[in-house]
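Summary of the model geometry
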Amino acid sequence: MIILGIESSCDETSVAVVENGHIVHSQILATSLKEHISTGGIVPEVAARAQIEYIIPVLQAALQEFKTSEFQISQNHHPRTLTPSHPHIDSIAVTTGPGLIGSLLVGVETAKALAYAWNKPLIPVNHMLGHIYGAWITHGQKMNDSWPKLALLVSGNHSELILMESHSKMRKISWTLDDAAGEAFDKAARLLGLPYPGGPQISRLAENGNPNAIQFPQPMPGKDNYHFSFSGLKTALLHYVRQNPDTSKADIAASFQQAIIKSLVTKTQRAAEHYQVKEVILGGGVAANQQLRKQLIETLNPTLCKIPDFAYTTDNAAVIASAAYYHNHPTDTFKVNADPSLELPIIGN
Ligand code: KG4
Ligand code: ZN
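For clarity, every value in this text was computed on a predicted model and none was experimentally measured.

Further remarks concern the overall build of the chain. Tallying secondary structure elements over the chain gives 10 helices and 10 strands in all. For the chain, the C-alpha radius of gyration of 20 Å lies close to 20 Å, the compact-globule estimate for 349 residues. For the chain, the C-alpha atoms occupy an extent of roughly 70 × 45 × 35 Å along the three principal directions. Across the 349 residues in the chain, those meeting the buried criterion constitute 55%. As displayed, the chain offers around 14,800 Å² of accessible surface, 53% of which is attributable to carbon and sulfur atoms. Here the chain contributes 26 positively and 30 negatively charged side chains, and the mean placements of these two sets differ by 4 Å.

Here we come to the coordination of the zinc ion (ligand 2). Surrounding the zinc ion (ligand 2) are the protein donor atoms H127 (NE2), H131 (NE2) and D315 (OD), which sit 2.1 Å from the metal. One chain supplies every donor to the zinc ion (ligand 2), and in sequence these donors are spaced H-x3-H-x183-D. In this pair, H131 sits in helix α4 (residues 127-139) while D315 sits in the loop between β10 (305-306) and α10 (317-326), placing the two residues 184 residues apart along the sequence. Classification of H131 by relative accessible area gives buried; the value is 1%. The exposure class assigned to D315 is buried, which follows from its relative accessible area of 14%.

In regular strands, side chains alternate between the two faces of the sheet. With 7 of its 7 residues buried, strand β4 (residues 91-97) lies for the most part within the structure. In this view, the connection linking β4 to its parallel neighbour strand β5 (residues 122-126) by way of helix α3 (residues 101-118) has right-handed handedness.

A word on the packing of aromatic side chains. Throughout the structure, instances matching the rule amount to 8 aromatic pairs. Arranged with centres 6.4 Å apart and planes meeting at 85°, the rings of F185 and F256 form a pair that is edge-to-face. Here F185 is found in helix α5 (residues 181-191), whereas its partner F256 is found in helix α8 (residues 249-274), with 71 residues between them in sequence. Across the pair, F256 and F185 agree in class, each one buried.

Right, let's talk about the sheet that holds strand β3 (residues 23-31) for a bit. Sheet strands line up and pair through hydrogen bonds in the backbone, either parallel or antiparallel. Spatially, the 5 strands line up as an open sheet ordered β3-β2-β1-β4-β5, and their pairing is mixed. Looking along the sheet, the strands with just one partner apiece sit at the ends: β3 and β5. When strand polarity is set aside, the average angle formed by the axes of neighbouring strands in this sheet is 20°. Examined bridge by bridge, strand β1 (residues 2-7) and strand β2 (residues 12-19) share 6 bridges and lie antiparallel to one another. When the bridges of β2 are listed, L4 appears paired with V17. The strands touched by α3 are β1, β4 and β5; relative to β4, the strand with the most contacts, the crossing angle is about 160°. Of the strands in this sheet, β1, β3, β4 and β5 are in contact with α4, which crosses β5 at around 90°.

Next up on the list: the side chain of S322. Among the secondary structure elements, S322 is positioned in helix α10. Owing to a relative accessible area of 1%, S322 belongs among the buried residues under this scheme.

This part is about α3. Look at α3: 25 Å from first C-alpha to last across 18 residues, which is about the 26 Å you get at 1.5 Å a residue. Taken together, the buried positions of α3 are occupied by S103, L104, V106, G107, V108, T110, A111, K112, L114, A115 and W118. Once α3 finishes, N119 follows within two positions and takes phi at roughly 60°, a positive value.

In this section: the nonpolar core. Among the nonpolar cores identified, the biggest contains 46 residues, and L150, F216, I260 and L264 are the most heavily contacted of them. Of all the secondary-structure elements, those providing two or more residues to this core are β6 (149-154), β7 (159-166), α5, α6 (198-206), α7 (231-243), α8, β9 (279-283) and α9 (290-299). Here the element with the most residues in this core is α8; it accounts for 11 residues. Listed in part, the 32 residues of the second largest apolar core include A16, V125, M143 and I281.

Here we take up the side chain of S26. Note on placement: S26 falls in strand β3. Overall, S26 belongs to the buried group, its relative accessible area being 1%. In terms of polar contacts, S26 uses its side chain to reach the backbone carbonyl oxygen of A62, at 2.8 Å. Filtering out sequence-adjacent residues up to four positions away, S26 remains in contact with V15, A16, V17, A62, E65 and F66.

For the rest of this paragraph, the subject is the sheet that holds β10. Strands sit in the order β8-β7-β6-β9-β10 across an open sheet of 5 strands; the sheet is mixed. Every interior strand has two partners, whereas the edge strands, β8 (169-174) and β10, have only one. This element, α4, spans β6, β7, β8, β9 and β10 of the sheet and lies at about 110° to β9.

Where α5 contacts α7, the axes come no closer than 10 Å and their chain directions differ by 10°. Taken together, the axes of α5 and α7 are roughly parallel relative to one another. The residues of α7 that touch α5, namely those facing K187, A188 and L191, are K234, L237 and L238. Across the contact of α5 with α7, the residue classes tally to 4 nonpolar, no polar and 2 charged.

Conventions we followed
- Residues numbered from 1 in each chain as written.
- Chains lettered and ligands numbered in written order.
- Predicted model: local features only at pLDDT ≥ 70, side-chain atom pairs only at ≥ 80, totals over all residues.
- Heavy atoms only, no water.
- Helix = DSSP H or I, 4+ residues; strand = E, 2+ residues; numbered from the N terminus.
- Rg over C-alpha atoms; globule rule 2.2 N^0.38 Å.
- Buried < 20%, exposed > 50% of the residue type's maximum accessible area, 1.4 Å probe, protein only.
- Areas by Shrake-Rupley, 256 points an atom, 1.4 Å probe, with all protein chains shown as cover.
- Lys, Arg positive; Asp, Glu negative; His and termini not counted.
- Charge placed at Lys NZ, Arg CZ, Asp CG, Glu CD.
- Donors = N, O, S within 2.8 Å, 3.2 Å for Na, K, Ca; no water.
- Right-handed = clockwise from strand over helix to strand, strands pointing away.
- Phe/Tyr/Trp six-rings, centres within 6.5 Å; stacked < 30°, edge-to-face > 60°.
- Pairing = 2+ DSSP bridges.
- Axes fitted to C-alpha atoms, helices over the stretch in contact; angles between N-to-C directions.
- Contact = heavy atoms within 4.5 Å.
- Expected span 1.5 Å × (residues − 1).
- Core = buried A, V, L, I, M, F, W, Y, C linked by side-chain atoms within 4.5 Å.
- Polar contact = N/O pair within 3.5 Å; in protein donor to acceptor, adjacent residues only side chain to side chain.
- Parallel < 35°, antiparallel > 145°, perpendicular 65-115°, else oblique.
- Nonpolar A, V, L, I, M, F, W, Y, C, P; charged D, E, K, R; others polar.

Here is the structure:
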């Protein structure tokens, strides 16, 4: 089954063509990131305008790339229809939320128009669901059936643990009580005078710093739950920087990063043990953090961890097309809508 995925929830515009959830025939990505550096964060209006500018060229480029890779399509693939539209693409998938409404609408309306014109089913996809499947694209195989799995999803707006008993049975067992991990990195970077996005900046600076130089408070809300909390850490950083203006920024960055990672890894490990999971999947923009990847693998049994390639950490359409393969629930084309605060569904409970 071949799905064309569209992702436009924030500042990335991406279109990908993915077969059976893991064979990426094409993926094109444009980003308006540079336009947000001067404002120190994403301006929704600017991001939405960029989406409008990029969506058609990105779609065209993804289809062109797919054309040149068509010889790779498996022999036994049977197109769903023989319409003059696109003989090899079976369905269109699109991110419907969560995200910025102006950005989301560009992808959603483009997907609706395409599904209508090509007479293809349209599959709405939750952006966070997409982040779960990036690690398995990297693995180059269909996701295996070793359940339960635990997904640690860490991005600019989310820090959560999803317990999966199957594709159709999953629930959120942990979330952040205040700031998300990516948000904490972004705010810390701003405090240290570093440009947006903060995650890559802090982690680069941290490479030359001592993670044990400063003992920031460990954000560990409650011993009997798996929730996260990063706003106290951010306040501690603010006070520390004010009181210690001469401390090396590299040491501050390394210590701050370590506090976040310790919290993420410790909670994930505890949940993995409690629920006796067979696999831990990492996903979301913060999954690009080298130390997080390393420490998660070191702390948990390495064979337990599925870590995505960098290409599938930040927002991209391949993971959306992949999620749509495992959650193939087409919806009446004209009833599909963008929802900026779409929650991950609790499925099967
Ligand atoms: O998933 P994503 O691309 O967009 C959202 O859905 O939010 O995640 C973006 C977030 C930003 O907060 C960014 O600072 C963070 O991911 N990020 C990182 C790294 N690369 C991106 N955080 C820590 N370390 C990194 N290397
Ligand atoms: Zn994301």
